Every structure is written in structure tokens, then in C-alpha cells.
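Here is how the chains run, residue by residue.
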Amino acid sequence: MPMLDSFLVDHVKMPSPGLRIAKHVNTPKGDIITVYDVRFAKPNKEIIDEKAMHTLEHLFAGFMRDNLPEFDIIDISPMGCRTGFYMSIIGTPDDKEVIKAWRASMQNILDTNHIPEANIYQCGSCYMHSLDGAKKVAKYILESEIVIMDNEELKLNPENIPNICDVDKTQVKVLGI
């Protein structure tokens with residue numbers, strides 16, 4: 001199986017919150033798609049509560065589209081590790097524009113009292129939400145410095161990695177609870 005790009009990044013060195021261009025993809029028609037790693041939590045040190053993560057997924061995707069209207073956002077998907085989201089955009093926005101939109105989206109989350117599409121018709125797990133949790137995560141992001149991550153600094157050589165997970169789960173901070 002091929003090594004995925006996201007596993008060639010040193011998660012021990014990865015700061016959070018942070019924004020990283022994961023890759024650029026050129027389409028056959030000549031469009032550039034920028035895939036971002038939008039990291040909310042420090043890998044293996046922090047994790048977003050599952051209900052807060054699900055609510056963030058519903059809210060963040062819509063608010064980012066509102067706050068970055070000059071670009072077409074293809075998708076914003078939660079990471080399975082619950083430390084952030086991948087965001088695919090047609091074009092190459094400036095990182096500072098994306099961070100400004102991210103911060104505005106976090107403020108929008110703090111200001112909202114409704115989770116869109118959180119019903120049995122539009123959501124596969126409509127019972128698994130926490131608006132309060134999403135607001136706690138949004139507040140955490142707004143109170144933090146968001147850094148721009150450098151791929152060269154985070155570059156990982158997979159040949160030098162032992163295949164073990166040496167993390168004390170009791171020491172992992174859960175964001176959103």
C-alpha cells in the first residue's frame with residue numbers, strides 16, 4: 001500500500017492550532033486544488049470530543065464558505081484522529097486569508113444557537129452533537145495563535161519510525177468537554 005502524504009508529516013513536531021498546505025492537485029482542465037490541513041488540536045496531546053467534532057463539521061463547513069466567498073471550497077472533512085479537518089479549495093488563497101476566515105468562522109460558531117442539518121433526514125448521527133462543545137473548541141481557537149506550518153520542518157522519513165504508539169492516553173486533553 002502506498003504511503004499517504006499525511007503520514008509523511010512528523011506529528012510530534014506539529015504545532016496547533018495551525019494551517020498547512022498538505023498538497024496542490026492540478027486538474028486535467030488546469031485548475032489548482034489546494035488541500036489544507038486545518039489543525040485544531042496537537043496530535044497525541046489533544047483530541048476534539050466526538051460530539052463537538054461532529055457539530056464543528058456541520059458548522060465549520062458552512063461558515064468557511066461564507067467567510068472565504070471568493071474561493072470555491074470543495075470539501076471540509078474531519079480527520080479520523082479528531083485533531084482537525086482537511087479542506088480542499090479550488091485555487092490558491094493566501095494562508096493569511098484562510099486563517100482570517102477560520103477565525104471568523106470560530107466567532108460565527110460562538111454566535112450561533114443552531115446546528116444546521118442536525119435532524120434524522122439530513123444527518124446520519126443526529127443524536128451525536130454538542131453545540132456547547134463546539135463553542136468551547138471555537139473559543140480555544142480564538143484565544144490561541146494560529147501558526148502557518150512549514151512542510152520542510154515537518155518532513156518525516158518513514159524508514160526511521162518504530163511501529164509503536166507510545167502515548168499515555170490519560171495525558172491527552174479532550175477539547176470541547
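Everything numeric in this text was worked out from a predicted model, so none of it was measured.

Colleague: Would you mind showing me how to read the side chain of Arg 20 here?
Modeller: By the secondary structure assignment, Arg 20 is in strand β1 (residues 18-26). Among the polar contacts made by the side chain of Arg 20, one reaches the side chain of Asn 151 at a distance of 2.9 Å. Not counting residues within four places of it along the chain, the set of residues in contact with Arg 20 comprises Val 9, Met 14, Val 35, Tyr 36, Asp 37, Met 149, Asn 151 and Leu 154.

Colleague: Please clarify how the pattern of salt bridges should be interpreted in this entry.
Modeller: Opposite charge on two side chains lets them pair, provided their charged atoms get close. Applying the stated criterion across every chain, the model contains four salt bridges. Note that Glu 152 and Lys 155 form a salt bridge whose closest N and O atoms lie 3.9 Å from each other. Of the two residues, Glu 152 and Lys 155, both sit in the exposed class. Three or more residues joined by partner-sharing salt bridges are found here, namely Arg 20, Asp 37 and Arg 39.

Colleague: Is there a simple way to think about unusual backbone geometry in this case?
Modeller: A negative phi angle characterises most non-glycine residues, just as the trans form characterises most peptide bonds. Cis geometry marks the peptide bond from Ser 16 to Pro 17, where omega comes out at -10°. With respect to the secondary-structure elements, Pro 17 resides in the segment before β1. Phi is positive for Asn 44, which is not a glycine, with a value near 65°. With respect to the element layout, Asn 44 can be found in the loop between β2 (32-39) and β3 (46-48). Unusually for a residue other than glycine, Glu 117 sits at a positive phi of about 55°. Structurally, Glu 117 is set in the loop between α2 (95-111) and α3 (131-142).

Colleague: Just checking my understanding: could you explain α3 for this structure?
Modeller: Each turn of an α-helix holds 3.6 residues, which means side chains three or four residues apart point in the same direction. A rise of 1.5 Å per residue sets the reference length of α3, with its twelve residues, at 16 Å; its end C-alpha atoms lie 16 Å apart and thus fit the reference within 8%. Listing the buried residues of α3 in full gives Leu 131, Gly 133, Ala 134, Lys 135, Val 137, Ala 138 and Ile 141. In this structure, the buried residues of α3 make contact with β3, α1 (50-67), α2 and β7 (173-175). Between a side-chain oxygen at the N-terminus of α3 and the backbone nitrogen of Gly 133 the separation is 2.8 Å; the capping residue is Ser 130.

Definitions and limits used
Residues numbered from 1 in each chain as written. Predicted model: local features only at pLDDT ≥ 70, side-chain atom pairs only at ≥ 80, totals over all residues. Heavy atoms only, no water. Helix = DSSP H or I, 4+ residues; strand = E, 2+ residues; numbered from the N terminus. Polar contact = N/O pair within 3.5 Å; in protein donor to acceptor, adjacent residues only side chain to side chain. Contact = heavy atoms within 4.5 Å. Salt bridge = Lys/Arg side-chain N within 4 Å of Asp/Glu carboxyl O. Buried < 20%, exposed > 50% of the residue type's maximum accessible area, 1.4 Å probe, protein only. Expected span 1.5 Å × (residues − 1).

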